[in-house]
Amino acid sequence: MHGITTLDIIVIVAYFLLLIGLGFAAMLRIKDQEDYFLGGRRFGRVLQVLTSFGQATSSENAVGTVTTTYRDGAGGIWSQLILLWATPFYWFTARWYRRMRMMTMGDFFRQRYGSQRMAMTYSALASFYMVIIIALSLKAVGATVLGMTLKPQEAFTPAEQAEFVLAQRLDTLLQQATVTELTEAEKNELANLQYLRPSREFSAVNEDWLIWGVVLVVLVYASIGGLVGAVWSDAVQSVLIMVLSFLLIPFAIAKLNAMHGTSGLREAGGVLHQELPSYYFSPFGSAQSADFTWYFIIALSIMATLNVAVQANQFTANASAKDDLTAGIGFTVGTFLKRYLTVIWGLLALLCFALYGREIRNSDLVWGHATQDLLGGLNIGLVGLMIACLLAALQSTASTLMMSSAALLTNNVYAPLVPGRTDHHYITAGRISGGIFLVVAALLSTAFDTILEMLKFMWEFNTLVAASFWCGLKWRRATRQGAWASILTAFLLFIGLPILLPSVFPGMRTHESLLRQTQARTIEQAFGATPRDVEERARLLADWGNRQNPPPPVVLGEEINRPITMHPRPIYWSQDVVLVDGTPRGRGMFFPEMWLLDQLFDLSGNPYALNETIRYTYKILLPFIILIGVSLLTKPDDGREVREFFLRMRLKVNQDRVLDRKSVEAAYAAPETTTPKLLLPRTHLEFFKWDKVDTIGFVIAWAAVLTVVGLLYLILNFGA
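Residues numbered from 1 in each chain as written. Predicted model: local features only at pLDDT ≥ 70, side-chain atom pairs only at ≥ 80, totals over all residues. Heavy atoms only, no water.

**Side note on the packing of helix α23 (residues 592-600) against helix α24 (residues 608-633)**
At a closest axis distance of 11 Å, the pairing of α23 and α24 adopts a crossing angle of 115°. In this structure, the crossing between α23 and α24 has a hand that is right-handed. Only Asn611, Ile614, Arg615 and Tyr618 of α24 make contact with α23, whose side of the interface consists of Glu593, Met594 and Leu597. Split into classes, the residues belonging to the contact of α23 with α24 amount to four nonpolar, one polar and two charged. (Axes fitted to C-alpha atoms, helices over the stretch in contact; angles between N-to-C directions. Helix = DSSP H or I, 4+ residues; strand = E, 2+ residues; numbered from the N terminus. Left-handed = near helix turned anticlockwise from the far one by under 90°. Contact = heavy atoms within 4.5 Å. Nonpolar A, V, L, I, M, F, W, Y, C, P; charged D, E, K, R; others polar.)

Below, the structure written as structure tokens:
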């Protein structure tokens, strides 16, 4: 097989056998539901760090960072680093999860709001969200392995060769359009080719078979071993993920130095600054991504900070800790490991662009191509090790998310509908639901061609329940009616209407008044010409033919101006407007709130980032406004379970279960003893006074944020 040797296959098979063995070993420790879904709540700090890192880090994180940075420069790193500013708050949220002393996040909604139906609703929504995460991860692994197994041109089928020729023609027209006005025929040809999106690269591997193979392995070891099996595999896989993150860099630096007759890290850094345009080293975006503005970053960061706390897999990762301090340390440290590695992935992307920017246009395939090019020639199984590392990154997350979904659906949906069964029965139900979870994720992964809109959908999805979680956790006045009003209204406006309206009224997609877009803008970017610019201009001149007024050749280092066009973007649709049989057509979901706002204020003159910021702000605020308003108009929830929930949240978890249970029962008997822990005891707010542990942990976390930013700055300026 192209790019994969027998030794590579042996490494991959050995890795699979190791995981399955871990699953069977973990199965021997399972005695009840708590053992299966939460590992018996006995994980210490080392395992908590590894499982937190593993559940937060999957293949789409590493590959996604390289993809966006390769395409957009250093600003692309923020596609995965956007939660950096939220990470210090994990020091608190991780410990809150453990203090709930519950099995799943669905239990929080059931007990806090006294509604089993709300728990079932949350469980269904959260499981669907996790399905999307795994579908994206499967897609990322598939694309990367495809990149490792690219066919040489002489191995193309006739159909692939014809598509390759179209891709070359598309490249020529795009280059030509940067220096001269295209003829009407060329404009039409360019539009058609952009719609067809012909590929330049073809793999010898069937992506569907690859995805289903990965799903089978995850299903076996996670379903038999439960969370213990998932966490043990995380311990192995976290080491492999770190290997993945560093394995390619020394080989890439060595090849870059060999190509340019340089040596050492500093000279390699100098080559990077010589080869890449200056905007590739701007940490907050370039002119090519000028719509990724500071205000958009702020809005996205706030949304991500609020939404990430509602993820069921975070609850599972922290509820399995021995106590709340272990949960806080494990989750915060594990997540910061991911932040540091994200910067390293960005460095790898810059190295790859310097090496392959002239030949690889599909950024999704860069990691795989680099692996085959840099490691394949050694013939010592390193390509197989890299595939094992990628599968480790996927499977460590997939197994944890699978267990989170199984716990939610079993405890909050199946058990209420089928009560009074044995633990063995519910464990079996959990294994079945986990299997269904993975199968649905695989079907989604093989059904979609692109992951971009799925990513945006993921960022926004948890706004449906974020207000109910935060208000329910920190405001005793939040009521069941307010939470239901918030969830149902958000679902109707954010999911229901955007999907249903174009389905019920398909004419909306072609109605002229609903196809309004932002105005096109052109930005002039000045920078010194790189060797790649010289080559591209030479290739363009070679293809110029008999056309008049050819552009002048580019001289290395001379200052050139590159016009960058910010193309019109739709105001009301989630995807771009395209031509179908000559008719403009809106794609994706329809945003009724943007249509309404555009009737009051002309949004077409706004940058696309400003319209997106407005939409995100609306999605952040509306659920909170509805919940607070309805709660103030309805009777407070003051049942026994609600009171006991808040009392437990004020108590730290003791590792000794007997002592912990006694402290909880004492608080139930004398609630007034917990009041001194509140910062504002005369209000309905559940804000706690900070102790030394709270303060020290939060300060250290923010110091870690500064070191991540410092590492990014150091890498981008090294050798300049």
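Back to the write-up after that little detour.
**Some thoughts on the pattern of salt bridges**
Going through the model one piece at a time under the given rule, you end up with 14 salt bridges. Glutamate 641 is paired through a salt bridge with arginine 110; the nearest N and O atoms lie 3.5 Å apart. Highlighted residues: glutamate 641 in helix α25 (residues 640-649) and arginine 110 in helix α7 (residues 105-113), separated in sequence by 531 residues. The class for arginine 110 is partly exposed, based on a relative accessible area of 24%. A salt bridge links lysine 255 to aspartate 373; the nearest nitrogen and oxygen atoms lie 2.5 Å apart. Taken together, the residues lysine 255 in helix α11 (residues 207-260) and aspartate 373 in helix α16 (residues 366-375) connect sequence positions 118 residues apart. Relative accessible area serves as the criterion here: at 27%, lysine 255 is assigned to the partly exposed category. A network of salt bridges, in which partner residues are shared, links Glu460, Glu612, Arg615 and Lys619. (Salt bridge = Lys/Arg side-chain N within 4 Å of Asp/Glu carboxyl O. Buried < 20%, exposed > 50% of the residue type's maximum accessible area, 1.4 Å probe, protein only.)

**Notes on the packing of helix α20 (residues 463-474) against helix α21 (residues 480-504)**
For the pair α20 and α21, the least separation of the axes is 8 Å and the interaxial angle reads 165°. One element, α20, and the other, α21, form an angle in the roughly antiparallel class. Here α20 runs over α21; the crossing is right-handed. Contacts from Thr463, Leu464, Val465, Ala467 and Ser468 in α20 reach Ala483, Ser486, Ile487, Ala490, Phe491, Phe494 and Ile495 in α21. Of the residues that constitute the contact of α20 with α21, the class distribution is nine nonpolar, three polar and no charged. (Parallel < 35°, antiparallel > 145°, perpendicular 65-115°, else oblique.)

**Regarding the confidence of the model for the protein**
When pLDDT is low, close inspection of the predicted coordinates is not appropriate. Residues with a pLDDT of 70 or more make up 78% of the protein, whose mean pLDDT is 79. Of all the helices and strands in the protein, helix α2 (residues 33-38) carries the lowest mean pLDDT, 43, while α21 carries the highest, 95. Contacts from residues 30-41, a stretch scored under 50 in pLDDT, to residues over four places away or in other chains number 63 contacts. Contacts from residues 225-229, a stretch scored under 50 in pLDDT, to residues over four places away or in other chains number 24 contacts. (pLDDT = per-residue confidence, 0-100.)

**Observations concerning the nonpolar core**
Met100, Phe108, Phe109, Tyr122 and Phe469 are the most contacted members of the largest nonpolar core, which totals 80 residues. Considering every element that reaches this core, the biggest residue donor is helix α8 (residues 116-148), with 12 residues. Leave out the neighbours within four places in its chain, and tyrosine 122 touches Met105, Gly106, Phe109, Val310, Gln311, Ala312, Leu408 and Val465. (Core = buried A, V, L, I, M, F, W, Y, C linked by side-chain atoms within 4.5 Å.)

**Examining helix α26 (residues 657-669)**
The terminal C-alpha atoms of α26 lie 18 Å apart, and with 13 residues this matches the ideal 18 Å at 1.5 Å per residue to within 8%. Among the residues of α26, those classed as buried are Asp660, Val664 and Ala667. For α26, the angular spread of buried residues about the axis comes to 60°, placing them on one side. Of the residues in α26, the exposed ones pointing more than 90 degrees away from the buried face are Lys662 and Ala669. On its buried face, α26 is in contact with α25. You can read the cap of α26 off the contacts: a side-chain oxygen lies 2.9 Å from the backbone nitrogen of valine 658, and it is on aspartate 656. (Expected span 1.5 Å × (residues − 1). Arc of directions from axis to C-beta. Polar contact = N/O pair within 3.5 Å; in protein donor to acceptor, adjacent residues only side chain to side chain.)

**Thoughts on the packing of aromatic side chains**
How two aromatic rings sit relative to each other is set out by the distance from centre to centre and by the angle between their planes. Tallied over the full model, the rule gives 26 aromatic pairs. Between tyrosine 572 and phenylalanine 590 the ring centres are 6.1 Å apart and the planes differ by 65°, which places this aromatic pair in the edge-to-face class. Placement of the pair is tyrosine 572 in the loop between β2 (559-566) and β3 (573-580) and phenylalanine 590 in strand β4 (residues 583-590), with a sequence separation of 18 residues. For phenylalanine 590, a relative accessible area of 4% gives the class buried. Lying across the ring of tryptophan 96, lysine 474 places its NZ or CZ 3.9 Å from the centre. Its guanidinium or amino end placed over the ring of phenylalanine 591, arginine 615 lies 4.1 Å from that ring's centre, counting from NZ or CZ. (Phe/Tyr/Trp six-rings, centres within 6.5 Å; stacked < 30°, edge-to-face > 60°. Lys NZ or Arg CZ within 6 Å of the ring centre and 35° of its normal.)

**Observations regarding a nonpolar patch on the surface**
A contiguous nonpolar patch, built from Leu7, Ile10, Leu378 and Ile380 and spanning about 360 Å² of accessible area, is present on the exposed surface. Take leucine 378: it is sitting in the loop between α16 and α17 (382-417). Judged by its relative accessible area of 40%, leucine 378 is partly exposed. (Patch = residues over 30% accessible without salt bridge, like charges linked within 9 Å, V, L, I, M, F, W, Y side chains within 5 Å. Areas by Shrake-Rupley, 256 points an atom, 1.4 Å probe, with all protein chains shown as cover.)

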